[in-house]
Amino acid sequence: MKMLRFRSPSIRSLDQEILCTIRLLDDSEISCSIQRDTKGQFLLDHVCNHYNLLEKDYFGIRYVDPEKQRHWLEPNKPVVRQMKSHQPYTMCFRVKFYPHEPMKIKEELTRYLLYLQLKRDIYHGRLLCPFAEAAYLGACIVQAELGDYDPEEHPSDYIRDFKLFPKQSLKLERKIIEIHKNELRGQCAPLAELNMLQRAHSLETYGVDPHPCKDFTGSTAFLGFTATGFVVFQGNKRIHLLKWADVSKLKFEGKTFYVIGIQKEISLTGRIHCNRMKKLVLTFHTSTPAACKHLWKCGVENQAFYKCAKSSQIKTVSSSNIFFKGSRFRYSGKVAKEVIEASSKIQRDPPEVHRAQFGQSRSYNSLSHKNLIMNMEPLVPAMPSANEYEETAADSGVAVKDSAPLSPLKPSSAPADAEQQSAERRTSAPSTDPQPPRVSTDSSNLRPQTPKAEDDAEEDYEVSGALTISELVYSPCASMLPTPVDDSQGGVDLLFSSPVQSPARLLRELHADPDIQARLEAERQRDRARERARVAAGGRAAGVLGGGLRLLSSNRRVNACLLSVARLVAVAMGVLLVTVPTLLLLLESDIDVSFLHEIRQTPEFEQFHYEYYCPLRRWVLCRISMAMENLWSD
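Counting from 1, residues in each chain are numbered in the order their sequence is written. For this predicted model, a pLDDT threshold of at least 70 governs which residues receive local features, and a threshold of 80 or more governs which side-chain atom pairs are given and counted, while totals over whole chains, interfaces and linings are taken from all residues. Each side-chain value is worked out from all heavy atoms of the structure, with water and hydrogens disregarded.

K.L.:
Would you mind going over the UniProt feature "transmembrane region" (unreviewed entry) in the protein chain in detail, with residue names and values included?
P.N.:
UniProt positions are given in the numbering used here, feature names are shortened, and annotations may be inferred rather than shown by experiment. Under the feature "transmembrane region" (unreviewed entry), the UniProt entry names residues 560–587. Note on conventions: DSSP H or I runs of at least 4 residues are helices, E runs of at least 2 residues are strands, and numbering of each starts at the N terminus. Structurally, residues 560–587 comprises 100% helix and 0% strand, and the distance from its first C-alpha atom to its last is 40 Å.

K.L.:
Tell me about empty space enclosed by the protein, residues and numbers included.
P.N.:
Both site types are read off a 1 Å grid over the protein atoms alone. A 1.4 Å probe that fits but cannot get out defines a cavity, while an open set with protein on both sides within 12 Å along at least five of seven lines defines a pocket; lining residues have an atom within 4 Å of a point. Grid points are joined across faces, edges and corners, and a volume is the space filled by probe spheres set on the points. Using the criterion set out here, one finds 4 cavities of 30 Å³ or more in the structure. Here the largest cavity defines a volume of roughly 240 Å³. Lining of the largest cavity is provided by 21 residues; of these, Arg62, Trp72, Lys96, Tyr98 and Asp209 occupy positions nearest its centre. Sorting the residues of the lining of the largest cavity by element identifies β4 (70–72), β5 (89–95), α4 (108–123) and α8 (289–307) as the ones contributing at least two each. The dominant element in the lining of the largest cavity, judged by the number of residues it contributes, is α8, at 4 residues. Put simply, Ala, Val, Leu, Ile, Met, Phe, Trp, Tyr, Cys and Pro go in the nonpolar bin, Asp, Glu, Lys and Arg in the charged bin, and everything else, Gly too, in the polar bin. The class makeup of the residues in the lining of the largest cavity is 8 nonpolar, 4 polar and 9 charged.

K.L.:
Pulling in residues and values, what's your account of the packing of aromatic side chains?
P.N.:
Put simply, two rings from Phe, Tyr or Trp (the six-membered ring, in Trp's case) pair if the centres are within 6.5 Å, and we call them stacked under 30 degrees between planes, edge-to-face over 60, tilted for the rest. Counted according to the given criterion, the structure contains 16 aromatic pairs. Here the aromatic rings of Phe97 and Tyr331 are separated by 5.7 Å at their centres, their planes lie at 75°, and the arrangement is edge-to-face. Placement of the pair is Phe97 in the loop between β5 and α4 and Tyr331 in the loop between β14 (328–329) and α9 (336–344), with a sequence separation of 234 residues. For the pair formed by Phe97 and Tyr331, the shared burial category is buried. Taking the centre distance of 5.2 Å and the plane angle of 50° together, the rings of Phe252 and Trp296 count as tilted. Note that Phe252 is positioned in strand β10 (residues 247–253) and Trp296 in helix α8, a separation of 44 residues in sequence. A 1.4 Å probe rolled over the protein chains alone gives each residue an accessible area, and that area as a share of the maximum for its type sets the label: buried under 20%, exposed over 50%, partly exposed in between.

K.L.:
Before we move on, can you summarise α9 with the specific residues and values?
P.N.:
For α9, the full list of buried residues reads Ala336, Val339 and Ser343. The buried side chains of α9 occupy one side of the element, clustering within an arc of 60° when seen end-on. Contacts: residue pairs with any heavy atoms within 4.5 Å of one another. In this structure, the buried side of α9 is in contact with α8. What the arc measures is the spread of directions leading from the helix axis to the C-beta atoms.

K.L.:
Describe the pattern of salt bridges, and please don't skip the residues or the numbers.
P.N.:
Here a salt bridge means any side-chain nitrogen of Lys or Arg lying within 4 Å of a carboxyl oxygen belonging to Asp or Glu. One pass over the full model with this rule turns up 17 salt bridges. Two residues, Lys56 and Asp45, come together in a salt bridge whose shortest N-O distance is 3.0 Å. Remark: Asp45 occurs in helix α2 (residues 40–51) and Lys56 occurs in the loop between α2 and β3 (59–64); sequence separation between them is 11 residues. Here Glu74 and Lys77 are joined by a salt bridge, their closest N and O atoms 3.5 Å apart. When salt bridges that share partners are traced, they join Arg23, Asp27 and Arg120 into one network.

K.L.:
Account for the sheet that holds strand β1 (residues 18–23), with residues named and values stated.
P.N.:
Two strands are counted as paired when DSSP detects at least two bridges linking them. Here we have 5 strands laid out as an open sheet, ordered β2-β1-β5-β3-β4, and mixed in their pairing. In the strand order of this sheet, the two ends are held by β2 (29–34) and β4, each with one partner. Across this sheet, the average inter-strand angle for adjacent strands is 35°, counted without regard to direction. Bridge count for β1 against β5 is 4 bridges, and the pairing is parallel. Bridge pairing in β5 places Thr21 opposite Thr90. For every element, the axis is a line fit to its C-alpha atoms; helices are fit only across the contacting stretch, and the angle between N-to-C directions ranges from 0 to 180 degrees. Each of β1, β2, β3 and β5 is contacted by α2, which is oriented at about 140° to β2, the strand it contacts most.

K.L.:
Outline a nonpolar patch on the surface, supporting the account with residue identities and numerical values.
P.N.:
Distance thresholds for patches are 9 Å for like charges and 5 Å for nonpolar side chains (Val, Leu, Ile, Met, Phe, Trp, Tyr), applied to residues having over 30% relative accessible area and no salt bridge. Here the accessible surface of atoms and residues is derived via Shrake-Rupley with a 1.4 Å probe, and residues count as covered only by protein chains that are part of the display. A grouping of Leu616, Trp619, Val620, Leu621, Ile624, Met628, Leu631 and Trp632 is seen on the molecular surface, where their side chains present a nonpolar patch of about 900 Å² in accessible area. By secondary structure assignment, the location of Ile624 is in helix α18 (residues 603–633). Using a relative accessible area of 47% as the deciding quantity, one classes Ile624 as partly exposed.

K.L.:
Can you lay out the pairing of β3 for me, pointing to particular residues and giving the numbers?
P.N.:
Among the 6 residues that make up β3, 6 are buried, leaving the element largely enclosed by the rest of the structure. Judged by which residues are buried, β3 turns out to be covered on both faces: Phe59, Ile61 and Tyr63 on one side and Gly60, Arg62 and Val64 on the other are all buried. Relative to β5, β3 runs antiparallel, the two sharing 4 bridges. When the sheet's bridge partners are listed, Gly60 is paired in β5 with Arg94. Hairpin connection between β3 and β4: a loop of 5 residues separates the two successive antiparallel strands, and Lys68 in this loop has a positive phi of roughly 65°.

K.L.:
Help me get a handle on the packing of helix α5 (residues 131–146) against helix α7 (residues 189–200), residues and values and all.
P.N.:
Contact pair α5 / α7: the axes reach a minimum separation of 8 Å and the direction vectors enclose 160°. The orientation of α5 with respect to α7, classified from their angle, is roughly antiparallel. Both α5 and α7 take part in a crossing whose hand is left-handed. In this structure, α5 contributes Glu133, Tyr136, Leu137, Cys140, Ile141, Gln143 and Ala144 to the contact, and α7 contributes Ala189, Ala192, Glu193, Asn195, Met196, Arg199 and Ala200. When the residues that make up the contact of α5 with α7 are grouped by side-chain class, the tally is 9 nonpolar, 2 polar and 3 charged. In what follows, roughly perpendicular refers to angles from 65 to 115 degrees, roughly parallel to angles under 35, roughly antiparallel to angles over 145, and oblique to any angle outside these ranges. By convention, the crossing between two helices is left-handed when the near helix turns anticlockwise from the far helix through less than a right angle, and right-handed when the turn is clockwise.

K.L.:
Tell me about the nonpolar core, residues and numbers included.
P.N.:
In this text, buried Ala, Val, Leu, Ile, Met, Phe, Trp, Tyr and Cys residues form a nonpolar core when linked through side-chain atoms within 4.5 Å. In terms of nonpolar packing, the biggest core is built from 100 residues, with Leu43, Met91, Phe93, Phe230 and Phe257 touching the most fellow members. Broken down by element, this core gets its largest block of residues, 10 residues, from α5. Leave out the neighbours within four places in its chain, and Leu43 touches Cys20, Ile22, Cys32, Ile34, Ile61, Leu73, Val79 and Met91. Within the second largest apolar cluster, 5 residues are counted, among which are Phe222, Val231, Phe233 and Leu241.

If you want it as structure tokens, here you go:
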């Protein structure tokens, strides 16, 4: 009866319906009811069926736990087991994997959803771009929303109604109006959106979902994963680009995230040795262990999606060493090449795209009044401006020379007049191309407006090295936090605030104190002197042995191999020490099992029993009896 009373509530709980609300890319919402054992794939399929979307492998569902940590909903696990918040559940439908080439997207509906995601990225500061690129992207959005410029319908300040950038300057608005009037006339909404995708995908921050971290010096950096590889942004520069082919392992331990890869060796003279590769280990520290694990899982998924040729090549990845338990994770889904192949085989009629018109979309109200559900993506300035319609010189600011620690976005100082005039000439030059004719809305006839060609002769080391991405500092601080953080509160540094002093800060203080440095150097000199005296007194044989050991210890690869072999030998010896005595005890016992009986009948066992086991048993019993007699006599 107790078993029946225990099981009946759990059976009823399986039939309990749970309400889920999913917020879409245009800020509209759909709801559905799920059971306790419903998996995440059901919700993703529900949203895709709502859109009539076939190219759904680029998208995912994101949620926030009670500790304000973001997560991607795993499709092969029950929703209730992943969601730790109270019911009803609220989630967001977002682009998870950005297409490397938007032109290979087959359907207009998929391109429209990607366009909505990039619009959010521009507003929240994730898609950082120079002034000229920002003006062109803004003009494409205006063309897609309003159509051609009409002086009777559009007043002089009509761009002010568009909240493309939270603090867009008057200069930027004028440049957007100029491009909207002259360069984009005649383009329908699908073509304007496609031009926006084509220009945006060439930017360095395209597809980056930035994760705030600290490097080993304590400086703030933003990590991201793109179709090309692993990227690190600091200041206004991309300081690292490690291609997926060069990334050998991603791992984490607590709050520390490691990226292990290889790169070409560069000599002191600046020459690159193409045949010489060296191991590269990048170390970063996150604010919490949950943030570090989320970063690791995002990296594993992106590496599998963009690097593997087939989903059958995806392997389960572990964050631990070979003999130590750790987190295990496997990306379950199609890879980029399979998604492109599946898109090329779509033969249906293009589905109808329902675009949210300006003034009717909730996205503009939410952006202007800062009413985002759950504050999942709070507002962050994408363009700097101290006074929204008075600052005109900050948009052509000077790039930061060094990769300095990041701070919340602040207005940049005004550059020289000559630099400002030259920047204005570069960004405001009128287009000499003829106005394109109006095209039909058939997605098969769309051709994007090709951007300016970049230098194709760029070397690999230049691509992977430091590269200035904008005149502005890449600082999507508020979008990383569940609620906006003021500059006076520390910005992104608030994530890492702790009463315990960090090792990186202690390291900086040690380097800054000359007295401590002098004492450390004196101790190192004394240690070296003792080591030289010990080696000299050891003799020639000891010197040869010590030299061999130093040679082995200086080679990290040999060290790793020796450590693995030692662990393997230790595990094998442990297994033997446990298995062999257990088997002997079973054989000498009275347990009558078929396989034990067969072993007892073999000549080898009889020889072992009479020649080794019986004498050993008599000797042990004799010793025990002698010890007992001595004990009783005492």
